[in-house]
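Results of the structural survey
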Amino acid sequence: MDSLLNPDRPPVFCPGCSHDRSVHTLDRALKEMGLKGSDVVIVSDIGCSGLFDTFFKTHAFHGLHGRALTYAAGIKLAQPHLKVIVTMGDGGLGIGGAHFLAACRRNLDLTLLVLNNFNFGMTGGQFSCTTPEQASVASSFLNLLEKPFDVCNVADCAGAPFVVRSSVYRKDLPELLAEAISFEGFAVLDLWGGCPARYMKKNPLSPKEIESAIEKLQPYRGVVSTNIRREYSSHYREEAAKNTAGVDWQGIEKTFEPTVKERREVVFLGSAGQRVITGGGLLGRAAILAGMNVTQKNDYNITVMRGPSVTEVIVSPQPITYTEVGKPDVIVALSEEGVRKRWGLFEEMEKGGRVILAAGVEIPTTDAEVLEVDYKAGGIKKKERALAALSLLAKSGDPVTLEMLREAICQSFQGKRMEEALGVIVKAAEVPFHVKTQSK
Amino acid sequence: MGLLFVDGNQAVAMGSLYAGCRFFASYPITPASNLLSAMLETLPSAGGIALQGEDEIASIGYCLGASMAGMKVMTATSGPGLSLYSENISFAIAGEIPIVIVNIMRQGPSTGSATRGADGDVQFMRWGCSGGLPVIVLAPADVSDCFTLTVHAFNLAEQFRCPVIIASNKEIGMTSGTLDMERVEKPAVIDRTLHESGPFLPFQVKPGEDVPSFLPIGGPILVRQTSSTHGPDGYITTNPSEIQAGVERLQRKIDSNTESFSYFDLEEREGARTLLVAYGITAGAARAAATELFENQNIPVSLLVLKTLWPVPEQVLQAAAVGMERILVAEMNLGQYVQEIRRVLCNQRVDFYGKMSGQLISPTEIIEEVTHG
Ligand code: SF4
């Protein structure tokens, strides 16, 4: 196979820069693997390592600083046959740390070359996440204060199954690189080299010194057996194939005639656990069974398992323009904390409006008719309250009927959940209620 | 077939599937999280890929990679995440990478209120990235719009090879409504134009055209993508005239086509002296207010609901404002889009009503502004 180097754009690194060596190493590896330019994409980061893609006749993607691994992942998932090679400096590794950790954990089939030269070459030799404490760099004394980052250790801890630490000058690096590219999973190569224009000005670093520094560290020469597992892209496709959930494009068939002629506003004021939002949804579905328009807006705490739970349902044969409740026709008041959330709404209610009030819950005075129900005495459990109140409302046929409500339940739930819900309606019919007179 | 009961975010998910979206990545954030859930539920079984990124920057990055590899892509977030998208949005502009970005706006500034709506990112969506080149922003007013405008957003992203932002709001995204699939507008789906024959340069345009034809990374012909200032060949250029021509083309391909995608609803009433202008969730209140004023108070008011916010549909505004004594703009912020309207209608009286309390602007408040303003 031919070299994949771009004859029109020879490398332009500073004389003696180790990146030059890395370009040729990568080319030899690709050549050895017999890859065509169209089999490969080089995704380069920012900085001197960001020039890599221009020297090759392959697909190329040069994006933002530190984000190369993210683009590479998108490309690999969309074009699984591609060999995706990411080149990044120690600078890109630092700023893109979260992406590095995620890539190690994910194990998508990418090969990452960290062209580690211990500083930001292009911007003037500032310290990076791998600069040794004792080095003298362009960030004043700052690197003295921070511990450099062991790329391989981090990759190992984060789950990368193939990790190499090597000098760029190592003789058999092309073979090792070819092995990394062939490896089906995320392969990280921490390649140590020198930046003569910046770092090496004050910190001489010969290939020999690099070699001996690496020898003192924990060796990483390829497969990390404890991290071996399924490659992400093929695993994803396998799991996705099991997933059969689709979109419902059919909707709710109209099987009833509209029960009201004008907009109705129904508000449920309750607490987490009373299935207030489910109740509002059932009311909505019941109304849609009669071809009516519905909106439902919910309000609950970030801590979803405690605190007030409010749902506002608007039902209308006409299109609904404004989706907030102004003058409720019905308020279902199931808990104190729910009522307190919308205290002012009771005042807005007019004669002809209805309040379904759980016994013991305090509400402000209102012009609406108040039906008080003792759910506790009636044996209606907390999670059944919203539905029980809804069935009392449906008894009036406004804005939905009991038949519509039953049908909505049958279409929304299955099996035991459906039986339970239908049971609540039967049980709720037995619970006595009385009209409460409020003293103004 | 009957009515669907879905929230705005679900309707966006449906619109995206209809438009051919096959790749989605986002980071969980209220009020956009249930869009992530909807995509995770439906995209894999449709042969696509849905991912939860490690952060917002990664999420949009995955999308840009997948888009350049040939897929139709979408991501979704809210204000805090949009801030993190900024640099990659500039990249999508510069690299002409089709992507649909859904911004479910919530009360800001900063973390603000996760579950309270607002329209506070309206100028930010236009100006929030380096370079200042135009983006397309569409604003749905209800669940039907969420479906239709998402299809338009994909079509525009593909056609013009650019990012398109859907400016939704918590109050639309997380409020359920009825969607009539038989009646909702379903635009014909447009795919990006592929390079057909002859030598391929990734950013070369045909004479008389402004959008380069596309080939995916991963196909038999080599493709280059770069965030650096580049010439038609996708390599860095330092030639000032080439640079100038490049950015002018990026601007022209959007701005000169604005009319073809200026979506709006205009309710004209005879004898109207006031034009009400609204977009997004406030459009509903404005509609209710205009109807109420006409039917019960005998005050005719015309209403313009803008669904394309950026580029500003100047001709639509000018046409709707002819003969009006007063333009009243209502929006859920402290006065953002009204600045554009004042710029376009500089010889007319343009008033503003807005609030940013997490509550919707009500029809009553708008009526009050119309009658006492
Ligand atoms: S600045 Fe350093 S890293 Fe960059 S090309 Fe020059 S020597 Fe190489």
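Keep in mind the model is a prediction, meaning the values are calculated, not measured.

When its secondary structure is counted, chain B shows twelve helices and 16 strands. Here the C-alpha radius of gyration of chain B, 21 Å, is about what a compact globule of 373 residues would show, namely 21 Å. Seen through its principal axes, chain B has C-alpha atoms that stretch 70 × 45 × 40 Å. Expressed as a percentage of the 373 residues in chain B, the buried residues total 64%. Within chain B, contacts between residues at least 6 apart in sequence are counted, and of these 75% link residues at least 24 apart. When the accessible surface of chain B is split by element, carbon and sulfur atoms take 50% of a total near 12,900 Å².

As a further point, take the sheet that holds strand 1 (residues 40–44) of chain A. The strand order 7(A)-5(A)-6(A)-4(A)-3(A)-1(A)-2(A)-10(B) describes an open sheet built from eight strands, whose pairing is mixed. Two strands in the sheet have a free side with no partner beyond their single neighbour: strand 7 (221–223) of chain A together with strand 10 (224–226) of chain B. Within the sheet, the average angular offset between the axes of one strand and its neighbour, ignoring direction, is 15°. Pairing analysis gives six bridges linking strand 3 (residues 83–89) of chain A to strand 4 (residues 110–116) of chain A, with the strands arranged parallel.

With that out of the way, let us pick up the domain arrangement of chain A. Partitioning chain A into domains gives domain 1 (18–240) and domain 2 (264–436). When each unit is reduced to the centre of its C-alpha atoms, the spacing between domain 1 of chain A and domain 2 of chain A is 59 Å.

Attention now goes to the interface of chain A and chain B. Counting residues at the interface gives 65 residues for chain A, matched by 68 residues for chain B. Carbon and sulfur atoms supply 60% of the area that chain A and chain B bury against each other, a total of about 5,200 Å² over both sides. Linking chain A to chain B there are five salt bridges. At the boundary of chain A with chain B, the tally comes to 26 residue pairs in polar contact (both at pLDDT 80 or more). Elements represented by at least two residues in the side of chain A that touches chain B include exactly strand 2 (59–62), helix 2 (68–78), helix 4 (97–106), helix 9 (232–242), helix 10 (276–288) and strand 9 (293–300) of chain A.

All names here are of chain B. Relative orientation of the contacting elements helix 1 (residues 8–19) and helix 6 (residues 143–160) amounts to 35°, with a least axis distance of 7 Å. Seen along the crossing, helix 1 lies across helix 6 with a hand that is right-handed. Where helix 1 abuts helix 6, its residues Gly-8, Ala-11, Val-12, Met-14, Gly-15, Ser-16, Tyr-18 and Ala-19 lie against Val-143, Cys-146, Phe-147, Thr-150, Val-151 and Phe-154. Here the contact of helix 1 with helix 6 is built from residues that sort into ten nonpolar, four polar and no charged.

How each quantity is defined
Residues numbered from 1 in each chain as written. Chains lettered and ligands numbered in written order. Predicted model: local features only at pLDDT ≥ 70, side-chain atom pairs only at ≥ 80, totals over all residues. Heavy atoms only, no water. Helix = DSSP H or I, 4+ residues; strand = E, 2+ residues; numbered from the N terminus. Rg over C-alpha atoms; globule rule 2.2 N^0.38 Å. Buried < 20%, exposed > 50% of the residue type's maximum accessible area, 1.4 Å probe, protein only. Contact = heavy atoms within 4.5 Å. Areas by Shrake-Rupley, 256 points an atom, 1.4 Å probe, with all protein chains shown as cover. Pairing = 2+ DSSP bridges. Axes fitted to C-alpha atoms, helices over the stretch in contact; angles between N-to-C directions. Domains from an automatic or database assignment. Buried area = accessible area lost by both parts, 1.4 Å probe. Salt bridge = Lys/Arg side-chain N within 4 Å of Asp/Glu carboxyl O. Polar contact = N/O pair within 3.5 Å; in protein donor to acceptor, adjacent residues only side chain to side chain. Left-handed = near helix turned anticlockwise from the far one by under 90°. Nonpolar A, V, L, I, M, F, W, Y, C, P; charged D, E, K, R; others polar.

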